[in-house]
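Here is how the chains run, residue by residue.
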Amino acid sequence: MNATAPTVFVVDDDTSFLPAVTRLLRAGGYETRTFTSAEEFIKTPLPDVPGCVIVDLHMSGMNGLALQASLAGSGNLLPLIFLTGQGDIPTSVHAIRQGAEDFLTKPVKREKLFAAVQRALARNANERQAHARTRELRARYETLTPREREVLAHIVTGQLNKQIAADLNTTERTVKAHRANLTSKLQMQSVAELVRLAQALGIQS
Amino acid sequence: MNWMTITWPMVAAACLTLALVHLRIAFGDGRRAPHLYFSLAALAVAAISGFEVTLLSTDDLARYQAILRWAVVPIGIMVASVVGFVCAFFGTGRKWLALTAVALNLLAQFANLIAAVPVVRQAVAIHKVQTFGGVWFTVPTIVNGPWNVVDLTSVVLVVIFVLDASINLWKKGEQRRAVIVGGSIIFFFCACRGHALLVEKGLVQTPYLVSFAFLGVIIAMAMELSADVLRAATLARKLRESERHTDLAARAAALGFWTWDINRDEIWASANARALFGVSADEKIDLPRFVDLVHPEDRAVVRTAIEKALSGSGEYQADYRVQLPDGRTRWIAAYGRTEFDASQQPELMSGALLDITQRRQSELELQQLRGQLTHAGRVSVMGQLAAAMAHELNQPLGAILSNAEAAEIFLKQDPPALGELRDILADIRKDDERAGEVIRRMRSLLRRQEMERKPLAFNLLAEDVVRLVNTDATTRRITVVLELSPHLPLVEGDRIHLQQVFLNLILNAMEAMARNQTERRQITLQTRHTGQGQLEISVADSGPGIEPASLPRLFEPFFTTKQNGMGMGLAICRRIIEAHAGHIRAENQPAGGAIFYVTLPAKTSDIKS
């Protein structure tokens, strides 16, 4: 878990609602940052902190759905909660399908808002963790020599040392040595772990 | 009494019975010729049987000769009937062969009958022979006359005729009938003739068995005939059943049936069909009369449909109205099919009629309803405005709720965050005022008050309208772009009325783009100062544009390019704008899509900085 406190980013062009909801979130103990338009939110470089975004659906200029598409395109992991003065079913279905955490309408009850924020933050934390784990595995994998990577690719298909040796045109002893090296570099013992790694990093034989 | 005096009469009785049964059928309905021939043949065999049994017990030569002479009459009839039966029943025999064989046979028998001394066969002596059972019977000594050759030839011709007819029948696929009837006729004729020869040559000492042989033929014929009768009965039952079903279906669906004999130009119509047209049961209908019954406006349609059915595929389909004698009109859907003769000339057309008046009526009602709905949609611009106002109301209400809930939390803190609470209260007051303003606007809208001239910020007007349609635009995946010139002077006018004009233009633009591909759905609103104290707003869409021919009439009342439009929207817009001393016009953009311009005079005394 990251040591930084999670931040709720609020994007709304309504000059009275934005401070009000921000105030409520602050009272609830959340770090907040406010933006009066989607364009402003996208332009601003964000710190790498856990968090989520509360966004108004209808805004002059870029609207909430466009912001969602833009974030998805740039690989941003922050979950989105839509908060709108008037939502219709097709739009909400569309937003949820595109991965929105929730779709709330104004006025929103505190319990509902906090619950949605809590879920979004938990999801973000999970995703960040998974992301970090993958990054770490990738780093370990990068330390392998090309030959070791070849051996690994064969191991995860379930081949025995003898078969790998035949395939790579070498001796079983050499394969064993490579295997010992790569398992110590990756800090993994079982084939099952190696297979999971291969899946996470998308390694194919 | 011995077995001989019993057997022959039994043959006769059997034949008589069969003859009577088929005589009854022959005089009923259906294919009568085969039954008549059969009855005749069976009667003849019964007679032959009678003659034979008499011959067996005759002791007097003169009497024997007389009976033999007369026995040729039923034999002749028998041969002729069998040939006639095969002709009628098989339908494959050669007529000339049949006629020749029968003529020769009758000629021989007739000659034998009238000559002083029999010319075919003559019994010159008789003697008694004993057979099993100790029965005595008479056997003749026969001398062939000069006409015997003719008789024999005729029998050979009969056999050839039947053989030929059977082979042809076999080729046509009716193997069973060919074998049973044809085969048995040939077999028994040959057997009978051969046996008679043997008896007459004195080689076998048995009675004549002509009637027995012919009984075989009769039985074979009877078997096939009754199979036919059975089949006909089954068919009749099925036909009655299907007729009942058709009748039921026709009555349930109020179907009428008709057949048009094209060459004679006669139209037969079922009672139902006549009722649909309001034509009496005895009136004769031909094509001109039929066309006369059709509603004048639909006659061309009907004529075209008939011509098509007569020349092309033969399928006939037309929906038309008929004028009933009582002045009402009725919608008819007609379906039919043409039958062509061998030279591809239309011969017959037949089909069904269906009363679709009700269907047509509900279609019409549906169309009207749709029109009314569209009208309601147009009227509901007001309703939409109100919904948008409600949306606007949710902003301050949402803010108030959030502020209040935040305040609750701040109050619980120790010490309470009084600074925060003060800010919150100020904000709540502000939001409350804002909500009140929204409600006031809504009320004024619903009251439909008179035009109210006030100084208005042109850009703000545009922004407000765009906010109203934003929800709708998002749902329809339309991008609304606002390009506002800064520092515009104010205009004087009625906010609600002007908003309604802009709203109308934007909603029209949205509708125009309804069929656009998603990647190009954009409405651009521009405001500018044109100089000469005029402000202009333009609403441009990326739709298909306006037909050049429609451009000059676009703002006329009741002129519409929409399928179900009222033609009032733009007319009202022009009225409103002209009441503001302004001007409205439409053009097509060079790059595609329509663009509307609204020009209003700037408020001269006040320039917004």
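Position labels on residues start from 1 in each chain and follow its written sequence. All chains are assigned letters beginning with A, and all ligands numbers beginning with 1, in the order in which they are written. Residue-level local features of this predicted model are given only where pLDDT is at least 70; pairs of side-chain atoms are given and counted only at 80 or more, and the full residue set underlies all totals for whole chains, interfaces and linings.

J.: How would you summarise the overall build of chain A if you had to cite specific residues and measurements?
T.: Here a strand is any run of E in DSSP of at least two residues, a helix any run of H or I of at least four, and the numbering for each starts at the N terminus. The helix and strand inventory of chain A stands at nine helices and five strands. Secondary structure elements of chain A occur, N-terminal to C-terminal, as β-α-β-α-β-α-β-α-β-α-α-α-α-α. Burial statistics for chain A: of 205 residues in total, 35% are counted as buried. Restricting to contacts in chain A with at least 6 residues of sequence separation, those with at least 24 account for 64%. Any residue with 12 or fewer other C-beta atoms within 10 Å of its own C-beta is exposed, any with 20 or more is buried, and the rest are partly exposed; the C-beta atoms used are placed from the backbone. The contact rule is simple: place each C-beta atom from the backbone, and if two of them lie within 7 Å, those residues are in contact.

J.: Tell me about the pairing of strand β1 (residues 7-11) of chain A, and please be specific about residues and values.
T.: All names here are of chain A. Here β1 lies mainly inside the structure; four of its five residues are buried. Think of it this way: DSSP has to see at least two bridges between two strands before they count as a pair. Two strands pair when backbone bridges link them, and β1 and strand β3 (residues 51-56) are joined in this way by five bridges, in the parallel orientation. From the neighbouring strand, Thr-7 faces β3, where its bridge partner is Gly-51. Sheet analysis places β1 next to strand β2 (residues 31-35), joined by five bridges and oriented parallel. Across the sheet, the residue bridging to Phe-9 is Arg-33, located in β2. Whether a crossover is right-handed depends on one test, that the path from the first strand over the helix to the second runs clockwise when the strands point away from the viewer. Traced from β1 through helix α1 (residues 17-27) to β2, the parallel crossover comes out right-handed.

J.: Can you lay out the interface of chain A and chain B for me, pointing to particular residues and giving the numbers?
T.: Every contact between the two is made by 24 residues of chain A and, on the other side, 26 residues of chain B. Those elements that place two or more of their residues in the side of chain A that touches chain B are α1 and α4 (89-97) of chain A. No other element matches α1(A), which puts seven residues into the side of chain A that touches chain B. Class assignment for the residues of the side of chain A that touches chain B results in eleven nonpolar, eight polar and five charged. Asp, Glu, Lys and Arg are counted as charged, while Ala, Val, Leu, Ile, Met, Phe, Trp, Tyr, Cys and Pro are counted as nonpolar; the rest, among them Gly, fall into the polar class.

J.: Run through unusual backbone geometry, naming residues and quoting values.
T.: Looking along the chain, the bond that leaves A:Lys106 and enters A:Pro107 is cis, with omega of -5°. Here A:Pro107 lies in the loop between β5 (102-105) and α5 (110-142). A cis geometry characterises the amide bond from B:Asp414 onward to B:Pro415, with omega recorded as 0°. Tracing the backbone shows B:Pro415 in the loop between α12 (381-412) and α13 (418-447). Phi angles above zero are rare outside glycine, and A:Asn169 is one such case at about 65°. Although it is not a glycine, B:His487 adopts a positive phi angle of roughly 60°. With respect to the secondary-structure elements, B:His487 resides in the loop between β9 (479-484) and β10 (490-493).

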